[in-house]
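Residues per chain are reported as follows:
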Amino acid sequence: MKLGQAFVLTDVVPEYSAVALASLGPKDPGYNQLEALDETRENLRWAVGAGVRVLQNRGCGDISVQADAEHDAAAEAAELAAWRFEEFRSVEERQPACRLSLHGQAGDEGPGGAWHAGSVLGRAQNWARFLSDMPANKMTPIDLGQAALDTLCPLGVTVEAREREWIEAQNMQAFLTVARGSCEEPIFLECNYRGDKESRPPVVIAAKGVTFDSGGLCLKKRESMVENRGSMAGAAAVLGALRALAELQVPINVCAVIPICENMVSGQCMKVGDVVRALNGLSIQIEDTDMEGRLMLADALVYGQAVHKPELVIDVATFTRGVLQALGGAACGCYTESEALWRDVTAAGARSGDRAWRLPLWDYYRRQITDDPSVDLRNKGSGKATSCLGAAFLKSFVCCSWLHVDTTGVGKLAHGSAPPYLSARRMTGRPARTLVALLQRLAAAP
């Protein structure tokens, strides 16, 4: 039996109607440097995910997981595998929710236990999956802001949803240029989690929140629009990470700044050739209206740094098809000039099973977006390395330690090569758990 496969036995254990046996692969494989992966933890996720899925398909509503170690990884996989998106099915057609537990070790299920921590992480990523999977008419910018208020405020996270008047008062012209093509009102979401009582400078996380991306005048093909209700997957992953940080009470200060709008076609939408000014005064020529995320994040990054004076800036976005073509669904593309930060990102991805891969921030790419003498920046540039050009664009708006995370290949639909604990053809919620693992490492650092 291969890793990720499971089969069911019945009438074996009296107290259970069925037992699923799943392969764990090689014994104690540990950390695989070539794969940049803790294979002991990830193999366990594959096995648990396969087992939960096969039992769930038999109609089992109460599933107990036996794991000798790495209980948090087992809980993550169980929660992720058991999740279903049934929001719009008739109530009588919905499957009952699974009750998940750790077999024989109830003490690890309470607060402070590894199973509990893994369950928190799995449920947080499932919430990000839910937000991303909602159709655009049911998850408008206002709906997304309301979802953040409803879920994060009871956990102690301060959430402020700012409307158009506030955005205009801040002079966020780049963001407003994207938003003006839609009838849906834009929202600027600011979420503050204060877990560090010593008041260290916060980590600012900017995220792209495009609740539907048509491409604007540079219209996408229908096939490309199918999953573009998930163009706010970066925002969803960051909100999911904030939920987990608050539930786990991680001792770190985090501020999320999330511009939310639609990118639509109308008589007022931005046009190819338009020039706008970002919040820091740089002029930007719009060469492609389908590269709207960088316009929104430019203003969010400048605002977040000016107001919160962070020690680190992270931005998360489904940003470019280039990273999808380069990495597929294996990893998100990451950019940073800090070797220490990259080591932390690598370790976080290896632990969570949701890896990152570092791509270059060379001056070669900066020159390709600054080579028009009439403007400071071009939003497309003259090269073909779209992900690298996007990172070079954002670098112009950052003046401290910085990590750019391009999640196009991993943040939307889980396609055919998805691991057993993620549903094919459903949103993934990635990289919510990797963000939490990274922030936990940063919180533990001196």
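A brief look at the structure comes next. As the structure is a prediction and not an experimental result, all values here were calculated from the model.

### Focus: the overall build of the protein chain
Here is step 1 of the chain: Scanning the protein chain for helices and strands turns up 14 helices and 18 strands.
Here is step 2 of the chain: Over its C-alpha trace the protein chain gives a radius of gyration of 22 Å, about what one expects of a compact globule, namely 22 Å for 446 residues.
Here is step 3 of the chain: By principal-axis analysis of the C-alpha atoms, the protein chain measures approximately 75 × 50 × 40 Å.
Here is step 4 of the chain: Within the protein chain, the proportion of its 446 residues that are buried is 57%.
Here is step 5 of the chain: A separation of at least 24 residues holds for 74% of the contacts in the protein chain among residues at least 6 apart in sequence.
Here is step 6 of the chain: Accessible surface, the protein chain as shown: approximately 18,600 Å² in total, 50% of it carbon and sulfur.
Here is step 7 of the chain: Charged side chains in the protein chain number 46 positive and 53 negative. The centres of these two groups are separated by 4 Å.

### Considering the sheet that holds strand β17 (residues 377-378)
Here is step 1 of the chain: The three strands are arranged β12-β13-β17 in an open sheet whose pairing can be described as mixed. Each edge of the open sheet carries a strand with a single partner, namely β12 (275-277) and β17.
Here is step 2 of the chain: Direction of pairing for β12 relative to strand β13 (residues 283-285): antiparallel, over a ladder of three bridges. What sits directly across from Arg 277, in β13, is Ser 283.

### Describing the nonpolar core
Here is step 1 of the chain: Of all hydrophobic cores here, the largest spans 59 residues; its most connected members are Leu 131, Leu 152, Cys 191, Leu 239, Ile 252, Ile 258 and Ile 314.
Here is step 2 of the chain: Here the element with the most residues in this core is helix α8 (residues 233-248); it accounts for nine residues.
Here is step 3 of the chain: Residues in contact with Leu 131, not counting those within four places in the same chain, are Met 139, Leu 144, Ala 147, Met 232, Ala 236 and Leu 239.

### Some words on the packing of aromatic side chains
Here is step 1 of the chain: This structure, assessed with the given rule, holds 10 aromatic pairs.
Here is step 2 of the chain: Note on Trp 362 and Tyr 365: the rings are 6.2 Å apart at their centroids and 10° apart in plane angle, and the pair reads as stacked.
Here is step 3 of the chain: Ring pairing ties together the aromatic residues Trp 83, Phe 85, Phe 88 and Phe 130, which thus form one cluster.

### What about helix α9 (residues 293-308)?
Here is step 1 of the chain: For α9, with 16 residues, the first-to-last C-alpha span of 22 Å sits near the 22 Å given by 1.5 Å per residue.
Here is step 2 of the chain: The buried fraction of α9 is high, at 14 of 16 residues.

### Quick look at the environment of Met 172
Here is step 1 of the chain: With respect to the helices, strands and loops of the structure, Met 172 is situated in the loop between α5 (164-169) and α6 (173-179).
Here is step 2 of the chain: Taking the C-alpha atoms as reference points, Met 172 and Gln 285, 113 residues apart in sequence, are found 16 Å from one another.
Here is step 3 of the chain: With residues up to four places along the chain from it excluded, the contact list for Met 172 reads Trp 166, Ile 167, Phe 188, Leu 279, Asp 299 and Tyr 303.

### Looking at a nonpolar patch on the surface
Here is step 1 of the chain: There is a patch of nonpolar side chains on the surface, built from Met 1, Phe 7, Leu 9, Val 12 and Leu 21 and spanning about 430 Å² of accessible area.
Here is step 2 of the chain: Tracing the chain through its elements places Leu 9 in strand β1 (residues 6-10).

### Comments concerning the pattern of salt bridges
Should their charged atoms come close, side chains of opposite charge can pair.
Here is step 1 of the chain: Tallying each qualifying case throughout the model produces 33 salt bridges.
Here is step 2 of the chain: A salt bridge links Glu 287 to Arg 378, with the shortest nitrogen-to-oxygen separation between them at 2.7 Å. You can see Glu 287 sitting in the loop between β13 and α9 and its partner Arg 378 sitting in strand β17, a full 91 residues away along the chain.
Here is step 3 of the chain: On the accessibility criterion, Glu 287 (22% relative accessible area) is partly exposed.
Here is step 4 of the chain: Residue Arg 378 is classed as buried on the basis of its relative accessible area, which comes to 12%.
Here is step 5 of the chain: Its salt-bridge partner being Glu 339, residue Arg 358 comes within 3.1 Å of it at the nearest N-O pair.

### Observations regarding the side chain of Lys 220
Here is step 1 of the chain: Tracing the sequence through the fold places Lys 220 in the loop between β10 (209-213) and α7 (222-225).
Here is step 2 of the chain: Reaching out from Lys 220, the side chain makes a polar contact with the side chain of Asp 290 at a distance of 2.9 Å.
Here is step 3 of the chain: With residues near it in sequence (within four places) discarded, Lys 220 still touches Asp 213, Ser 214, Gly 215, Met 225, Asn 228 and Asp 290.

### Some remarks on the side chain of Gln 125
Here is step 1 of the chain: With respect to the element layout, Gln 125 can be found in helix α3 (residues 114-133).
Here is step 2 of the chain: Here Gln 125 falls in the buried class, since its relative accessible area comes to 1%.
Here is step 3 of the chain: What Gln 125 contacts, discounting residues up to four positions off in sequence, is Leu 80, Leu 422, Thr 428, Gly 429, Arg 430, Ala 432 and Arg 433.

### Describing the environment of Leu 442
Here is step 1 of the chain: You can see Leu 442 is positioned in helix α14 (residues 432-444).
Here is step 2 of the chain: It is 33 Å that separates the C-alpha atoms of Leu 442 and Ser 64, two residues lying 378 residues apart in sequence.
Here is step 3 of the chain: With residues near it in sequence (within four places) discarded, Leu 442 still touches Arg 200, Ile 252, Leu 312 and Asp 344.

Calculation criteria
- Residues numbered from 1 in each chain as written.
- Predicted model: local features only at pLDDT ≥ 70, side-chain atom pairs only at ≥ 80, totals over all residues.
- Heavy atoms only, no water.
- Helix = DSSP H or I, 4+ residues; strand = E, 2+ residues; numbered from the N terminus.
- Rg over C-alpha atoms; globule rule 2.2 N^0.38 Å.
- Buried < 20%, exposed > 50% of the residue type's maximum accessible area, 1.4 Å probe, protein only.
- Contact = heavy atoms within 4.5 Å.
- Areas by Shrake-Rupley, 256 points an atom, 1.4 Å probe, with all protein chains shown as cover.
- Lys, Arg positive; Asp, Glu negative; His and termini not counted.
- Charge placed at Lys NZ, Arg CZ, Asp CG, Glu CD.
- Pairing = 2+ DSSP bridges.
- Core = buried A, V, L, I, M, F, W, Y, C linked by side-chain atoms within 4.5 Å.
- Phe/Tyr/Trp six-rings, centres within 6.5 Å; stacked < 30°, edge-to-face > 60°.
- Expected span 1.5 Å × (residues − 1).
- Patch = residues over 30% accessible without salt bridge, like charges linked within 9 Å, V, L, I, M, F, W, Y side chains within 5 Å.
- Salt bridge = Lys/Arg side-chain N within 4 Å of Asp/Glu carboxyl O.
- Polar contact = N/O pair within 3.5 Å; in protein donor to acceptor, adjacent residues only side chain to side chain.

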